[in-house]
Amino acid sequence: MERTLSIVKPDGVRKNILGEVIRRFQEAGIRVAAIKMIQLSKAEAEGFYAVHRERPFFGSLVDFMSSGPCVVMVLEGDGVIRRNRELMGATNPADAAPGTIRKDFAGNIEQNAVHGSDAPETAAFEISYFFNALEIH
Ligand code: ATP
Ligand code: MG
């Protein structure tokens with residue numbers, strides 16, 4: 001059984017789409033194994049997105065990710081890393097397929113409503129960034 005990290009980003013929390021996002025996961029047979037609402041500090045957002053630190057959008061991304069509370073979740077299911085990415089849609093909502101979370105709710109390429117781990121190694125790092133073993137059920 002695979003696990004992945006999902007985040008409803010600050011824009012998604014502000015738009016009040018948390019329930020709809022979870023509904024889509026559950027409708028797809030994906031189980032929520034851990035969940036909490038947190039507001040990242042700038043340093044915490046920098047650590048989470050450290051792979052992007054050389055990118056031109058990094059400073060703006062960190063400001064956005066620390067601009068308000070987000071909801072972090074561990075999702076569990078067969079092939080959940082890929083299946084969550086399919087439910088999310090492309091990074092840029094303009095390129096996202098119809099019916100995906102980003103097509104339906106994202107404002108732009110930065111404020112794109114949700115995050116999902118992209119591989120088993122990143123999922124392991126990202127889950128451990130937010131949750132300890134006792135918090136995952
Ligand atoms: P995420 O990692 O958040 O699930 P992703 O894997 O689809 O998204 P990445 O390439 O990992 O996309 O980029 C991480 C995040 O950085 C994006 O989700 C978005 O918030 C922001 N981002 C990516 N590209 C740009 C860009 N060109 N301009 C502004 N922000 C961007
Ligand atoms: Mg990514």
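Residues numbered from 1 in each chain as written. Chains lettered and ligands numbered in written order. Predicted model: local features only at pLDDT ≥ 70, side-chain atom pairs only at ≥ 80, totals over all residues. Heavy atoms only, no water.

J.: Account for the overall build of the chain, with residues named and values stated.
T.: Within the chain, the regular secondary structure consists of seven helices and four strands. If you list the helices and strands of the chain from N to C, you get β-α-α-β-α-α-β-α-α-β-α. For 137 residues, the compact-globule estimate of 2.2 N^0.38 gives 14 Å, and the C-alpha radius of gyration of the chain, at 14 Å, lies within 12% of that figure. The buried share among the 137 residues of the chain stands at 45%. Once the 16 positive and 18 negative side-chain charges of the chain are each reduced to a mean point, those two points are 3 Å apart. (Helix = DSSP H or I, 4+ residues; strand = E, 2+ residues; numbered from the N terminus. Rg over C-alpha atoms; globule rule 2.2 N^0.38 Å. Buried < 20%, exposed > 50% of the residue type's maximum accessible area, 1.4 Å probe, protein only. Lys, Arg positive; Asp, Glu negative; His and termini not counted. Charge placed at Lys NZ, Arg CZ, Asp CG, Glu CD.)

J.: How would you summarise the pairing of strand E1 (residues 2-8) if you had to cite specific residues and measurements?
T.: Of all seven residues in E1, five are buried, a share of seventy percent or more. In this structure, E1 lies alongside strand E3 (residues 70-77), joined through seven bridges in antiparallel fashion. For Arg 3, the partnering residue across the bridge sits in E3 and is Glu 76. Examined bridge by bridge, E1 and strand E4 (residues 114-116) share three bridges and lie antiparallel to one another. Each residue of the ladder has a partner; that of Val 8, found in E4, is Val 114. (Pairing = 2+ DSSP bridges.)

J.: Give a description of the packing of aromatic side chains that names residues and reports values.
T.: Tallying each qualifying case throughout the model produces five aromatic pairs. Ring plane angle 50 degrees and centroid distance 5.4 Å describe the contact between Phe 48 and Phe 130, whose orientation is recorded as tilted. Of the two residues, Phe 48 sits in helix H3 (residues 42-48) while Phe 130 sits in helix H7 (residues 120-130), which places them 82 residues apart along the sequence. Of the residues examined, Phe 48 reaches a relative accessible area of 4% and is grouped as buried. The buried category is assigned to Phe 130, whose relative accessible area is 9%. (Phe/Tyr/Trp six-rings, centres within 6.5 Å; stacked < 30°, edge-to-face > 60°.)

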